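Chain and residue survey
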Protein chains: 2
Amino acid sequence: MGIAGLGTVGASVVRLLGDKTDHLSKRSGRDVAVTAVCARDRGRDRGVSLDGLSWHDDPVALAESDGIDLFVELMGGEGDPAAAAVSTALRRGRPVVTANKALLAARGTELARLAEENGTTIGFEAAVAGGIPIVKTMREAMAGNRVERVYGILNGTCNYILTRMEEEGLSFADCLAEAQRLGYAEADPTFDIEGHDSAHKLALLSSLAFGVTTDFDSIHLEGIASITTEDLKAAAELGYRIKLLGVARRTDTGIEQRVTPTMMPRNLALANVDGVLNAVAVDGDEVGEITMVGPGAGGSATASAVVADIVDIARGRCLPVFGIPAAELEPYRRARMRKHAGGYYIRLSVYDRPGAFAAIAQRMAEEQISLESIVQKEAKGAKGAQSARRVVLITHDTMEAQIRKALQAIEDDGQIAERPHVIRIEKP
Amino acid sequence: MGIAGLGTVGASVVRLLGDKTDHLSKRSGRDVAVTAVCARDRGRDRGVSLDGLSWHDDPVALAESDGIDLFVELMGGEGDPAAAAVSTALRRGRPVVTANKALLAARGTELARLAEENGTTIGFEAAVAGGIPIVKTMREAMAGNRVERVYGILNGTCNYILTRMEEEGLSFADCLAEAQRLGYAEADPTFDIEGHDSAHKLALLSSLAFGVTTDFDSIHLEGIASITTEDLKAAAELGYRIKLLGVARRTDTGIEQRVTPTMMPRNLALANVDGVLNAVAVDGDEVGEITMVGPGAGGSATASAVVADIVDIARGRCLPVFGIPAAELEPYRRARMRKHAGGYYIRLSVYDRPGAFAAIAQRMAEEQISLESIVQKEAKGAKGAQSARRVVLITHDTMEAQIRKALQAIEDDGQIAERPHVIRIEKP
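The structure displayed is predicted, hence computed values, not measured ones.

Once that is clear, we can look at the interface of chain A and chain B. On the chain B side, the residues contacting the 43 residues of chain A number 43 residues. Summing the contributions of chain A and of chain B, the shared interface buries around 3700 Å²; its carbon and sulfur component is 55%. It is K26, R27 and E286 of chain A that lose the most area in chain A upon contact with chain B, and together they represent 16% of the buried surface on that side. For the interface between chain A and chain B, the tally reads twelve salt bridges. Ionic pairing is found between E286 of chain A and K20 of chain B, a salt bridge with its closest N-O pair at 3.0 Å. Here chain A and chain B share 22 residue pairs in polar contact (both at pLDDT 80 or more) between them.

Quick look at the structure:
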């Protein structure tokens, strides 16, 4: 096989395959070996021996070279050269194993079709939730199920930050800085904290879950930068926790896909997943809910997923990329967020004056929104016409359009000092 | 295919395959259909139509009939007719899918060999933890890992009883009666509450994890009948929970396999799995720990696992039963419990008289056992020479042989009113 990309994951895969030849040949029914590699910097020390491997400077050249029967793409990036190299390998009928979520989120349907036209397949276990075998679980183990919902904590950086904010009462900015110091967050963390990374993974989970074409652009995105320690504390008092959750759900109007900070009751398994771990839960009509928890990143954990795909392919496994033939994938039909039905957490900063709360309650009532609980905090700072106090509302299930209308009316009434902060609630 | 056994699971499989023909043919790449069945009572209404299926009274006759290309065994029982029927199908080169943990725990190695000699395989996802795809995860998704430990909550009945005891403060006997009323426990619950059912599953997990022959008889068994609400409360106060856990672990002296009530710190994912759910965690050297939670029983959930195996086989998948060729399975080498190293919870009933506790502490010190915490409860009932008070000790990691010696000495000293109650502690 040929491996393109020798970063942390690529080097771990080379190391794992080299360390465990005997172990892997028993499980593959044949020898499994790297014969060629490709990376940008030939001279760099990666902590693994590349002796005897043929070196390529161009991944496309590696993908079409005669010496390989499997192409492992670990370069990343949704454009070329990854896209060109993967397409090249598939066109030659060579199976591809990749950890590249960006590429598949953007072009999953097209590449699945290309693989099948050429009688081959793409393994992408490592692209979603690192070491957790959620792709195999959905594609194979849940084959008898109609999936209603898949949801997960898909980004360890965000989960680490939220966990630390909760544990230590530190601000988002402080926890982000800590995560950067510890190497859990990038120097430019935008991609993680705004939810793009989670959304790439969610797009793939949606296709697996519902048999639809991948549609990354339709995912509703909200990052975690707006979450305050006050939100986390209020959630805890009410028996909830807040996580950055990717959720894809079958609804009457289409598939809803969103990556947003989400409140979950503490009795949900996912609510208790802390730190850099990832977790995914899938609801199937036969099996009920299956939850998987494990490391979502890291060289060895991701290499474990890459190697599982390699062993499957060595065994001759050639499944349709998303579980059903690409031609059978239905066009993704988006459910609009304003049709989202569920409970809401609403944090308001209400001016401390007579009638303010009554006016708010009136606006909620006008939209038929009923409240499960109301927590009013003591006003901080100076009293007076411009002082405001925190009010936290939890609603019963309602339609998002109603919530938006009510909050707009409340803003227009001039009873609140800041824009309302809204967090959706996900229930079992 | 032919299905032998039309109880809850068998009927659910027939129903699922009938309801989802189109869904399954997309995932299997071919049509998947039941053609023949076998059960004891032909006249019974099972809520599914058996029209057009050929009926057999004898499962062995079904297994060798010419009309089937796959034999699904859902009768259960470690002896005949299940054993004879499975062997017959394998000898004819027909793949077998089974939920029969008792049969595989007793004869797994032998049947794996028979399958391979005849160029076929056995799917047994449904035999371990019901709907949780732990067999596929260990056999395929973790192929690149050397497994160090696998442990799980493998019996929903026991987990339900322990959860209810904790929640309601009710006795073991009351919760068992409740579980029986709700249909979660059998009229004769021995098999579940003494740990045999968990042990069957653990034997199979051990073979998958460590590449060793199945050895049910070597499993150290302790049931949950000795657990009191007092133990559960003391555990909670110390930051632990008690679950009936099956644990298999690689040690220097062999593989330790045990099914025992076990204390776990609350931050372990498994410690938070309540009610009838099952859960399994696996520690791999590459991936770290993967935890899976889901329904461990029930017709539809188990049928989901059976159907996943059927789809795999329809796709032409033919893996060695335990992940590596049966001839490569190493003979199981048992690690003795007295060599077990870990922490211990010890509940003592100490006579309420001067020097009693000092004598106990002295016996512990003689065996180099150091204590992490000591909780002494107020004595209940009348004071006097024969009144006793509860003392709960938590030890640091120590060798079980030392614990046994110290407790024997404490008993011999006559300082305690009852036999000590010991619960092992499992850590991350």
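A few words on the relation of the copies chain A and chain B. The transform that puts chain A on chain B rotates by 180° and translates by 0.0 Å along the axis, for an RMSD of 0.0 Å. Accordingly, the operation relating the two chain copies is best matched by a two-fold axis. Of every C-alpha in chain A, the one belonging to M292 of chain A sits nearest the axis of rotation, 2.2 Å from it. Mapped onto chain B, 100% of the interface residues of chain A are again interface residues, and the two copies thus contact each other with one and the same surface.

Another aspect to go through is the UniProt feature "active site" (unreviewed entry) in chain A. Residues and elements named next belong to chain A. As recorded in UniProt, the sites labelled "active site" (unreviewed entry) are K201. Relative to the assigned elements, K201 resides in helix 10 (residues 196-210). Residue contacts for K201: discarding those within four places in its chain leaves K101, A127, V128, A129, L154 and N278. Of note is the side chain of K201, whose polar atom sits 2.7 Å from the side chain of D197.

All right, on to helix 10 of chain A then. All names here are of chain A. For helix 10, which comprises 15 residues, the first-to-last C-alpha distance of 21 Å matches the rise-based estimate of 21 Å (1.5 Å per residue) to within 8%. Most of helix 10 is tucked away, with 14 of its 15 residues classed as buried. Phi for G211, located one or two positions after helix 10, is positive at around 65°.

Right, let's talk about the domain arrangement of chain A for a bit. A common way to express how large an interface is: the accessible area buried when the components associate. All names here are of chain A. Domain boundaries in chain A define domain 1 (2-127), domain 2 (134-294 + 331-337) and domain 3 (339-425). Between the C-alpha centres of domain 1 and domain 2 the distance comes to 28 Å. Tallying the contact residues gives ten residues for domain 1 and 13 residues for domain 2. Together, the buried faces of domain 1 and domain 2 total about 1000 Å²; carbon and sulfur atoms form 62% of this surface. Broken down residue by residue, the surface that domain 1 buries against domain 2 is led by A105, F124 and E125, which jointly contribute 51%. Inspection of the domain 1/domain 2 interface yields zero salt bridges. Taken together, the connections running from domain 1 to domain 2 amount to four residue pairs in polar contact (both at pLDDT 80 or more).

Our focus in this paragraph is the sheet that holds strand 5 (residues 96-98) of chain A. If you trace the six strands from one edge of the open sheet to the other, you get 3-2-1-4-5-6 (chain A), paired in parallel fashion. Every other strand in the sheet has two partners, leaving strand 3 (54-56) and strand 6 (122-123) of chain A as the edge strands with one partner each.

Conventions and cut-offs
- Residues numbered from 1 in each chain as written.
- Chains lettered and ligands numbered in written order.
- Predicted model: local features only at pLDDT ≥ 70, side-chain atom pairs only at ≥ 80, totals over all residues.
- Heavy atoms only, no water.
- Contact = heavy atoms within 4.5 Å.
- Buried area = accessible area lost by both parts, 1.4 Å probe.
- Salt bridge = Lys/Arg side-chain N within 4 Å of Asp/Glu carboxyl O.
- Polar contact = N/O pair within 3.5 Å; in protein donor to acceptor, adjacent residues only side chain to side chain.
- Least-squares fit on C-alpha atoms with pLDDT ≥ 70 in both.
- UniProt positions renumbered as here; feature names shortened; annotations may be inferred.
- Helix = DSSP H or I, 4+ residues; strand = E, 2+ residues; numbered from the N terminus.
- Expected span 1.5 Å × (residues − 1).
- Buried < 20%, exposed > 50% of the residue type's maximum accessible area, 1.4 Å probe, protein only.
- Domains from an automatic or database assignment.
- Pairing = 2+ DSSP bridges.

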